[in-house]
Amino acid sequence: MRAGLVAAVWALLCLTAAAQQIPHMHDGSAATLQAVIDYYDRGGNRHELLDPEVHPLGLSADEKSQLHAFLLSLSGRIQEGA
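Residues numbered from 1 in each chain as written. Predicted model: local features only at pLDDT ≥ 70, side-chain atom pairs only at ≥ 80, totals over all residues. Heavy atoms only, no water.

Draft legend 1. Representation of the environment of Thr32 in the model. The topology assignment puts Thr32 in the loop between α1 (3-15) and α2 (33-41). Spatially, the C-alpha atoms of Thr32 and Gln21 are 9.5 Å apart, while their sequence positions differ by eleven residues. At a separation of 3.0 Å, a polar atom in the side chain of Thr32 contacts the main-chain amide nitrogen of Ala35. (Helix = DSSP H or I, 4+ residues; strand = E, 2+ residues; numbered from the N terminus. Polar contact = N/O pair within 3.5 Å; in protein donor to acceptor, adjacent residues only side chain to side chain.)

Have a look at this one:
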């Protein structure tokens, strides 16, 4: 597999069942997927260790709703060979 495809598959697998993995974020600071979406949309919480690549996304309410629906759609069971 190409490296880019491997990275994409890995990222998707990490998101599978994200809605059920509560609390969210490495420190448990986001109780809901909506809180995670809002966090990244505003560009995170500014502090000296924040990755400079994290910046406000400027998502519309509709885009946030669609992203939330997409993340919820990733809930389910992973079946090998499917």
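Draft legend 2. Summary view of the packing of α2 against helix α3 (residues 61-73). Viewed as axis vectors pointing N to C, α2 and α3 meet at an angle of 130 degrees, and their least axial separation amounts to 10 Å. By the angle between their axes, α2 is oblique relative to α3. As α2 runs across α3, the sense of the crossing is right-handed. Here Leu33, Gln34, Ile37, Asp38 and Asp41 of α2 lie close against α3, whose contacting residues are Lys64, Leu67, His68, Leu71 and Leu72. Residue classes in the contact of α2 with α3 are distributed as five nonpolar, two polar and three charged. (Axes fitted to C-alpha atoms, helices over the stretch in contact; angles between N-to-C directions. Parallel < 35°, antiparallel > 145°, perpendicular 65-115°, else oblique. Left-handed = near helix turned anticlockwise from the far one by under 90°. Contact = heavy atoms within 4.5 Å. Nonpolar A, V, L, I, M, F, W, Y, C, P; charged D, E, K, R; others polar.)

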